[in-house]
Amino acid sequence: MITNTIETLHLETVLNNHAQDMTGKVVAITGTTSGTGFVCAREVAKKGAKVLLLNRQSERAEQALKQLQNEVPNGKFEAVTCDLQDFDSVRNAIDTIKAKHEVIDVLVNNAGVMALEDKATKDGYDVQMQTNVISHFLLTKELFPLLKKSPEARVVNHSSMARLGGPLVTEYFEKKGGDLGGDGTEEQNLSFQGPRWERYHQTKLANATFTYGLKKKLEEANINHVIPLLAHPGLAKTQLQVTSATAGGMDNKAELMNMAQSAEDGATGIIRAAMDPKAKPGDFFGPSGQGWKGFPEALTPEELLVDEANLRTNWEGCEKAVGTFEV
């Protein structure tokens, strides 16, 4: 649930100036039990969209659905069980969606985990890479036929400031979960360094390169009505930090968190990407400058995000894991 006392500064402006009516549209969002995904689901529902809530089955998911229904009494919400750490669960979610819907207008690949232990999913991949990247690639490729049926579809990917760093490395996309550097020292984790944070960096850069890799594929196929977009939340106070702290990846009382903005403002990037009527393929929305907080400006992607080698590493790594993505 959304529980913070940080003043929200930008959400209302984004909704008033950068959000269209969503009546009749179907919006699928991963990770809506709290934080940015919850806020995005709430706001697109207020604008009239039918919202598919993709979460693994849990009490938190049930409570979040009830809270959304309470906050948006006329909202249209549909819960879809989807565990991003399990490819079978993702494929079952895809089947569920296809059985009920012929068109998806917006897919928001929002869910993510941060600085977790060096461990494998049941499918053998790093838990961060499968959750944050490969399962979202799988969702997008399998739902792409439904997106193509929309007059103007959007695929929104969620990155972060952690995208900045070194290039993508193939081994992070391979079945090497549990063998990717270990958990690091306490000192490294408290200073946002070491192998946990490198694995997280790889995923957040991959989210960005997926956006620009998809943009390139769509341009080559002359598909103009599916718009790939990117957003980052700056530093927003959400459940993400709590989970990471519980797993030993960071100190939730870290001084850095004093710079955080609210979950509502953290969600404004994906909200703008999902609803801004003027959004164009490849647009990147998030706080500018140091990027910790602020209005979701239209940003210029760093060279790292559009580098051909990085695009190839991400696309080929994901296809090797879950199959060819034909646009």
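In this report, the structure presented in the accompanying data block is examined. (Residues numbered from 1 in each chain as written. Predicted model: local features only at pLDDT ≥ 70, side-chain atom pairs only at ≥ 80, totals over all residues. Heavy atoms only, no water.)

1. With respect to the pairing of strand β6 (residues 226–231)
Where we set the bar: Accessible area is worked out with a 1.4 Å probe on protein chains only. A residue is then buried under 20% of its type maximum, exposed over 50%, and partly exposed in between. Only DSSP runs of H or I reaching four residues or more are called helices, and only runs of E reaching two or more are called strands; each is numbered from the N terminus. Between any two strands, pairing holds if DSSP finds at least two bridges.
In terms of residue burial, β6 counts as a mostly covered element, since six of its six residues are buried. Where burial is concerned, the two faces of β6 agree: the one with Val226, Pro228 and Leu230 and the one with Ile227, Leu229 and Ala231 are both buried. As paired elements, strand β5 (residues 153–158) and β6 share six bridges and run parallel to each other. Each residue of the ladder has a partner; that of valine 156, found in β6, is leucine 229. Note that β6 and strand β7 (residues 284–286) share two bridges and pair parallel. What sits directly across from leucine 230, in β7, is phenylalanine 284.

2. Side note on the packing of aromatic side chains
For any pair of aromatic rings, the description consists of the separation of the ring centres together with the inter-plane angle of the planes. How we decide: Only centres within 6.5 Å qualify two rings of Phe, Tyr or Trp (six-membered ring in Trp) as a pair; their planes then separate them into stacked at under 30 degrees, edge-to-face at over 60, and tilted for everything else.
Applying the stated criterion across every chain, the model contains nine aromatic pairs. For the pair phenylalanine 192 and tryptophan 197, a centre-to-centre distance of 5.1 Å together with 75° between the ring planes defines the contact as edge-to-face.

3. Comments concerning helix α5 (residues 127–148)
Heads up, the rule is: By definition here, a helix of n residues has an expected span of 1.5 Å times n minus one. The reported bend at a residue is simply the angle between two axes, fitted to the 7 residues ending at it and to the 7 residues beginning with it.
The terminal C-alpha atoms of α5, which comprises 22 residues, lie 30 Å apart, in line with the 32 Å expected from a rise of 1.5 Å per residue. Maximum bend of α5: about 45°, positioned at glutamate 142, with proline proline 145 one to four residues after it.

4. Regarding the state of the cysteines
Stated formally: Note on disulfides: each one is a pair of cysteine sulfur atoms within 2.5 Å.
One pass over the full model with this rule turns up zero disulfides. Here cysteine 82 stays unpaired: no disulfide links it, and the sulfur of cysteine 318, its closest cysteine neighbor, is 15 Å away. Judged by its relative accessible area of 3%, cysteine 82 falls in the buried class. A relative accessible area of 0% places cysteine 318 in the buried class.

5. Describing unusual backbone geometry
Phi angles above zero are rare outside glycine, and alanine 115 is one such case at about 55°. Relative to the helices and strands, alanine 115 is located in the loop between β4 (106–109) and α5. For phenylalanine 192, which is not glycine, the phi dihedral falls at a positive 60°. Looking at the secondary structure, you find phenylalanine 192 in the loop between α6 (186–190) and α7 (195–220).

6. A look at the nonpolar core
Here is the rule we go by: Grouping buried Ala, Val, Leu, Ile, Met, Phe, Trp, Tyr and Cys residues that are joined through side-chain atoms within 4.5 Å yields what is termed a nonpolar core. Residue contacts are counted whenever heavy atoms from the two residues lie within 4.5 Å of one another.
Ranked by size, the top nonpolar core spans 52 residues in total, and within it Leu52, Leu54, Ile97, Ile134 and Leu305 carry the most contacts. Here this core takes ten residues from α5, the largest share from any one element. Once residues lying within four places of it in the same chain are set aside, the contact partners of leucine 52 are Val26, Val27, Ala28, Ile29, Glu78, Val80, Ile97, His101 and Ile104. Counting residues in each nonpolar core, the second largest holds 36 residues, with Leu11, Leu53, Ala64 and Val156 among its members.

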